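# Coordinate analysis (summary)
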Amino acid sequence: MSSKVFVARNIPAAGLDRIRELTDCTVWPDRLPPSPGVLIENSIGCHGVLTLLSDRIDAAFFDAVGPQLKVISNFAVGYNNIDFEEATRRGIAVGNTPGVLTDSTADTALALLLAAARCVREGIENVSRREWLTWEPMGFIGQDLVGKTIGIVGMGRIGHATGKRLHFGWGMNVLYTSRTDKPDADNELGATRVSLEQLLAESDFVSVHTDLNPETTRMFGASEFAAMKSNAVFVNTARGGVVDEAALHSALTTGQIFAAGLDVTDPEPLTGDSPLRELANCVILPHIASGTVASRNAMAEIAADNLLAGLAGRPMRHQVNPL
Ligand code: DGY
């Protein structure tokens, strides 16, 4: 008898077709995620659940769904939506999809960095509001990139790919923070591991690539923005929870920093009344960094492989909690 599976959203056929073929699966068809209650309802009695970063998976979920649950396969590299320690205690394997969205995410960091540095939002709004009156010698003055310093917070795969683009493309000097030394970054990019304090003080651009955990939650607050240069551009393609958004708003409106580019916010979507929406020097995207054909297909393939391996009791391609 095939395993019972709930897939919490429609994902690319590159992974979904095999899940449909090899399991008894139900796929959530809506554009919006199932509510926590509906997620549980659909997962009761399942052996495996394929989740997205917007699905909260915790002890209450595991209690409600039942002891037959063997695997949670997350369609994302980040897994802060899952209490994986609780999963481990219960012998439930948790999978993620690293390595295949490195370039797409680094490209998005670059898109945000360039847009924020060169007043692109302000320019687009100027044109769409029919306020473009003439060529303005004093208007839309942005920041230069060549020869500046990029500070990478979290020198993992995506941080490295972002640093590489800026070092080889614009000759930027690369500083980084990391839990450990990164000889590859030191050797290939001439990068230097520094304290966060030094990185903030010396960087013209700061790009966040750390995962969200208790140590990194709200790590960018009032004092971190105050420590940055007034010409600095702040970019976050990691997780919104890393940033205190009220402090960022204040830094952007008081001229403490020049601009910001965000692919992630907390919560997502950004609340309707978030004042960040109104700032011309804050470019915000709806969490699209992995949104390329190749990345999303590869994420679907890995998520399916992880799910099917976990159901069969085999090691996953990418398991975050080796059991
Ligand atoms: C991830 O995979 O964690 C990304 O944030 C989703 O694109």
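Let me begin by describing the structure that accompanies this report. (Residues numbered from 1 in each chain as written. Predicted model: local features only at pLDDT ≥ 70, side-chain atom pairs only at ≥ 80, totals over all residues. Heavy atoms only, no water.)

Moving on: the overall build of the chain. Of regular secondary structure, the chain possesses twelve helices and twelve strands. In summary, the chain has a C-alpha radius of gyration of 21 Å against a globular reference of 20 Å for 323 residues, a match within 12%. With the principal axes as the frame, the chain shows a C-alpha extent of 70 × 50 × 35 Å. Residue burial in the chain is summarised as follows: out of 323 residues, 49% are buried. In the chain, 62% of the contacts between residues at least 6 apart in sequence involve partners at least 24 apart. Accessible surface, the chain as shown: approximately 15,200 Å² in total, 53% of it carbon and sulfur. Across the chain, 27 positive and 37 negative side-chain charges occur, with their mean positions spaced 4 Å apart. (Helix = DSSP H or I, 4+ residues; strand = E, 2+ residues; numbered from the N terminus. Rg over C-alpha atoms; globule rule 2.2 N^0.38 Å. Buried < 20%, exposed > 50% of the residue type's maximum accessible area, 1.4 Å probe, protein only. Contact = heavy atoms within 4.5 Å. Areas by Shrake-Rupley, 256 points an atom, 1.4 Å probe, with all protein chains shown as cover. Lys, Arg positive; Asp, Glu negative; His and termini not counted. Charge placed at Lys NZ, Arg CZ, Asp CG, Glu CD.)

Within helix H11 (residues 245-253), the full set of buried residues consists of Glu-245, Ala-247, Leu-248, Ala-251 and Leu-252. Projected down its long axis, H11 carries its buried residues within an arc of 155°, all on one side. Against the buried residues of H11 lie helix H10 (222-226), strand E10 (233-236), strand E11 (259-262) and strand E12 (282-284). Where H11 begins, the side chain of Asp-244 points an oxygen toward the backbone nitrogen of Ala-246, at a separation of 3.1 Å. Once H11 finishes, Gly-255 follows within two positions and takes phi at roughly 80°, a positive value. (Arc of directions from axis to C-beta. Polar contact = N/O pair within 3.5 Å; in protein donor to acceptor, adjacent residues only side chain to side chain.)

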